[in-house]
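Overview (structure and organization)
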Amino acid sequence: QCGAGKGRLVGWLSRDWHDLNHLDVDNHTVATLTFKKQRRDTFLQLTFFSTREDQGNNSCSQWYFKVDDKECTPNSINGYSSTYQNITTPLPIRIDMTSSIVGVCKGTEDGRINSGTHKISMHVRVCRWQKGGTWKPKTGLKTTTTMLVEELCPPQ
């Protein structure tokens, strides 16, 4: 299926959830699906579309993908939001947004992702660089959340 004159897409899977409403839990799994990868020499393009909310004082939340419980390498596929503010402001800030997190996963710390069945998951955590502050992220409140996995041929 891959090669000159062939299409780039080998296979795909999409799943929707309504009103996930996942609340402030660090290192929390937001959504998971199972995908059957057809070939060893392909990559996975991962897309997550949802509403995200971050609420707090000087907080930072990071949403990120895992394949079989490991982050993609050499680059993680992630997005973040933060509520940094002037320290003299006592009230928490709330940010609501619709967002997409998209990237190509070429492998994990175990190497290339082989053919076969894999667990694809989206997680949320406190940003690794976060020092102090309050933290209350939410995902998928009162909307449809979509995760899309596409198996792609390597670039020519």
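Let me sum up the structure you'll find in this document. (Residues numbered from 1 in each chain as written. Predicted model: local features only at pLDDT ≥ 70, side-chain atom pairs only at ≥ 80, totals over all residues. Heavy atoms only, no water.)

Below, the discussion takes up the sheet that holds strand β4 (residues 60-67). Whether parallel or antiparallel, the strands of a sheet pair through hydrogen bonds between backbone atoms. Pairing within the open sheet is antiparallel, and its four strands lie in the order β2-β7-β4-β5. Among the strands making up the open sheet, the edge pair consists of β2 (28-37) and β5 (78-82). On average, each strand axis in the sheet is inclined to that of its neighbour by 15 degrees, with strand direction left out of account. With seven bridges joining them, β4 and strand β7 (residues 116-126) adopt antiparallel strand pairing. Among the inter-strand pairings, Ser 61 is bridged to a residue of β7, identified as Val 126. (Pairing = 2+ DSSP bridges. Helix = DSSP H or I, 4+ residues; strand = E, 2+ residues; numbered from the N terminus. Axes fitted to C-alpha atoms, helices over the stretch in contact; angles between N-to-C directions.)

Let's shift gears to the pattern of salt bridges. Applying the stated criterion across every chain, the model contains four salt bridges. The residue Lys 70 makes a salt bridge to Asp 110 at a minimum N-O spacing of 3.3 Å. Of this pair, Lys 70 sits in the loop between β4 and β5 while Asp 110 sits in the loop between β6 (93-105) and β7, and the two are 40 residues apart along the sequence. The exposure class of Asp 110 is exposed, given its relative accessible area of 58%. (Salt bridge = Lys/Arg side-chain N within 4 Å of Asp/Glu carboxyl O. Buried < 20%, exposed > 50% of the residue type's maximum accessible area, 1.4 Å probe, protein only.)

Of all 14 residues making up strand β3 (residues 43-56), eleven are buried, and the element is well covered by its neighbours. Relative to strand β9 (residues 144-152), β3 runs antiparallel, the two being bridged by seven bridges. Within the sheet, the bridge partner assigned to Leu 46 lies in β9 and is Val 149. Pairing between β3 and strand β8 (residues 136-139): four bridges, direction antiparallel.

Ranked by internal contacts, the top residues of the largest apolar core, which has 22 residues, are Leu 46, Phe 65, Ile 120 and Met 147. Looking at this core, the elements with two or more residues in it are β2, β3, β4, β6, β7 and β9. At four residues, β2 tops the list of elements feeding residues into this core. (Core = buried A, V, L, I, M, F, W, Y, C linked by side-chain atoms within 4.5 Å.)

Tracing the backbone through its elements, the reader meets Glu 151 in strand β9. Engagement of the side chain of Glu 151 in a polar contact is seen with the backbone nitrogen of Gln 38, the distance being 2.8 Å. Setting aside residues no more than four positions away along its own chain, Glu 151 makes contact with Arg 8, Leu 9, Val 10, Gly 11, Phe 35, Lys 36, Lys 37, Gln 38, Arg 39, Thr 42, Phe 43 and Leu 44. (Polar contact = N/O pair within 3.5 Å; in protein donor to acceptor, adjacent residues only side chain to side chain. Contact = heavy atoms within 4.5 Å.)

Scanning the model with the defined rule gives one disulfide in all. Put simply, Cys 72 and Cys 105 are joined by a disulfide, and their sulfur atoms are 2.1 Å apart. Handedness here is read from the sign of the S-S torsion; for Cys 72 and Cys 105, about -110 degrees, the answer is left-handed. Taken as a pair, Cys 72 in the loop between β4 and β5 and Cys 105 in strand β6 lie far apart in primary sequence, 33 residues in all. Classification of Cys 105 as buried rests on a relative accessible area of 1%. (Disulfide = S-S within 2.5 Å.)

Worth remembering: the numbers are spatial, not functional.
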